[in-house]
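Now for the letters of each chain:
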Amino acid sequence: MLLKDKVAIITGGAGQNGLGFSTARLMAAQGARIVILDLERAEPAGAAARLGAQHLGLVADVTDKAACEAAAAAVLKQFGRIDILVNNAGVTQPAKLLEITGKDYDRILDVSLRGTLYMSQAVLPAMQAQQSGSIVCISSVSAQRGGGILGGPHYSAAKAGVLGLARAMAREFGPQGIRVNCITPGLISTDINKDILSAEKKAEIAQTIPLGRLGGPDDVGGVCVFLASDLSQYCTGVTLDVNGGMLI
Ligand code: NAD
């Protein structure tokens, strides 16, 4: 098992069809003890059967620094260590640049960027004490191609910010045995886009992707497992594109 007895926190993991829950399920299958943290519900229905006996669900807002610190403290109380953090919580909004209000900007940047900062700050002291840890940050192809399908320019900016923040953390904490890497998913069928794209539009987009289909949550979850595990032990500060070849 790749993650035997590791303790993994996955933010934004309560969506039944989301990248976060897929990651949680695949990590549990590799022996990890799972903590799902999300805004209103800690985990999807029936999660226990798929996450094993040793898992914890926490309700917390990643934009609230005190809530992130309380979540990390609860994980340490229950499991005694934190090995993996997946900064997955995010929200999107399709918008043209001239339409974006200050409120829109704050909401989109706060969840992806401030949330990544606050959750990382909350777990890093434990990882420093252990002299080990792996943080995986979920960015987006929108950061690389300048928006387009799912998110407006503020979403692209938030996700590009995540890439910079992750590299800075990788540089600062590498000497303490802590790795920080990013994934840039392409278009993945989850709840975040179910109301934005029609089936016809998805089929049209699939034809432009070299692998001929949209991604599924497990396509990203599997790469999260790789980056969290020792299989990637000499990788830090890298960004892995999981997009079916969308940028070729
Ligand atoms: P999703 O909507 O299922 O997952 C996002 C989760 O984040 C939700 O469960 C939501 O409740 C949670 N969340 C939102 N605000 C939060 C907050 N303040 N605190 C805690 N949790 C909060 O969608 P998804 O597609 O699984 O998205 C997961 C991540 O992947 C997001 O960061 C998204 O931007 C990114 N992403 C998705 C795609 C895609 O095509 N689906 C592509 C690129 C990147």
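Residues numbered from 1 in each chain as written. Predicted model: local features only at pLDDT ≥ 70, side-chain atom pairs only at ≥ 80, totals over all residues.

As recorded by an unreviewed UniProt entry, the protein carries the name 3-oxoacyl-[acyl-carrier-protein] reductase protein and is attributed to Herbaspirillum seropedicae. Within the UniProt record for the protein, the comment given under Sequence similarities (unreviewed entry) is "Belongs to the short-chain dehydrogenases/reductases (SDR) family." (UniProt positions renumbered as here; feature names shortened; annotations may be inferred.)

## Looking at the site of the ligand
By nearness alone, 30 residues border the ligand, and G12, G15, G18, G90 and I192 come closest of all. For the shell around the ligand, the elements supplying multiple residues, two or more each, are α1 (19-29), α4 (102-130) and α7 (191-194). In terms of residue class, the shell around the ligand is made up of 13 nonpolar, 14 polar and three charged. (Near = placed C-beta within 6 Å. Helix = DSSP H or I, 4+ residues; strand = E, 2+ residues; numbered from the N terminus. Nonpolar A, V, L, I, M, F, W, Y, C, P; charged D, E, K, R; others polar.)

## With respect to the environment of A74
Positionally, A74 belongs in helix α3 (residues 65-79). In this structure the C-alpha to C-alpha distance between A74 and L58, which are 16 residues apart in sequence, comes to 8.7 Å.

## Notes on unusual backbone geometry
Non-glycine residue D5 carries a positive phi angle of around 65 degrees. The backbone of Q131 sits at a positive phi, close to 60 degrees, despite the residue not being glycine. Topologically, Q131 is positioned in the loop between α4 and β5 (133-138).

## Some remarks on the packing of α4 against helix α6 (residues 153-173)
One can describe the packing of α4 onto α6 by two numbers: an axis separation of 8 Å at closest approach and a directional angle of 15 degrees. Comparing the axis directions of α4 and α6 gives the class roughly parallel. Remark: the crossing between α4 and α6 carries right-handed chirality. Of α6, the residues touching α4 (which contributes D104, Y105, I108, L109, S112, L113, T116, L117, S120 and L124) are H154, Y155, A157, A158, K159, G161, V162, L165, M169 and F173. The class makeup of the residues in the contact of α4 with α6 is 13 nonpolar, five polar and two charged. (Axes fitted to C-alpha atoms, helices over the stretch in contact; angles between N-to-C directions. Parallel < 35°, antiparallel > 145°, perpendicular 65-115°, else oblique. Left-handed = near helix turned anticlockwise from the far one by under 90°. Contact = placed C-beta atoms within 7 Å.)

## Topic: the pairing of strand β6 (residues 178-185)
Most of β6 sits inside the fold, with eight of its eight residues counted as buried. Residues I178, V180, C182 and T184 of β6 are buried on one face, and the alternating residues R179, N181, I183 and P185, pointing to the opposite face, are buried as well. One ladder, built from six bridges, connects β5 with β6; its direction is parallel. Across the sheet, residue I135 finds its bridge partner in β6, namely V180. Both β6 and strand β7 (residues 239-242) contribute to a ladder of four bridges, which runs parallel. Each residue of the ladder has a partner; that of P185, found in β7, is V242. (Buried ≥ 20, exposed ≤ 12 C-beta atoms within 10 Å, placed from the backbone. Pairing = 2+ DSSP bridges.)

## Considerations on the confidence of the model for the protein
Atom-level detail of predicted coordinates should not be read off regions where pLDDT is low. Of all residues in the protein, 100% attain a pLDDT of 70 or more, and the chain-wide mean is 95. This complex was scored by the predictor with a pTM of 0.98 and an ipTM of 0.99. (pLDDT = per-residue confidence, 0-100.)

## Remarks on α3
The end-to-end C-alpha distance of α3 is 21 Å, a good match for the 21 Å that 15 residues give at a rise of 1.5 Å each. Looking only at α3, the buried set comprises C68, A71, A72, V75 and F79. Seen end-on, α3 carries its buried residues on one side only, within an arc spanning 95 degrees. Projecting away from the buried face of α3 at angles above 90 degrees are the exposed residues A66, A73 and K77. Packed against the buried residues of α3 are β1 (7-11), β2 (33-38), β3 (55-59) and α4. (Expected span 1.5 Å × (residues − 1). Arc of directions from axis to C-beta.)

## Brief notes about the sheet that holds β6
Read across the sheet, seven strands follow the order β3-β2-β1-β4-β5-β6-β7 without closing on themselves; strand pairing throughout is parallel. Every interior strand has two partners, whereas the edge strands, β3 and β7, have only one. This sheet shows a mean twist of 15 degrees between the axes of neighbouring strands, independent of strand direction. Two strands pair when backbone bridges link them, and β2 and β3 are joined in this way by five bridges, in the parallel orientation.

## Remarks on the environment of A95
As for its position among the elements, A95 is in the loop between β4 (84-87) and α4. Residues A95 and G147, 52 residues apart in the sequence, show an inter-C-alpha distance of 9.6 Å. Setting aside residues no more than four positions away along its own chain, A95 makes contact with I100, D104 and G152.

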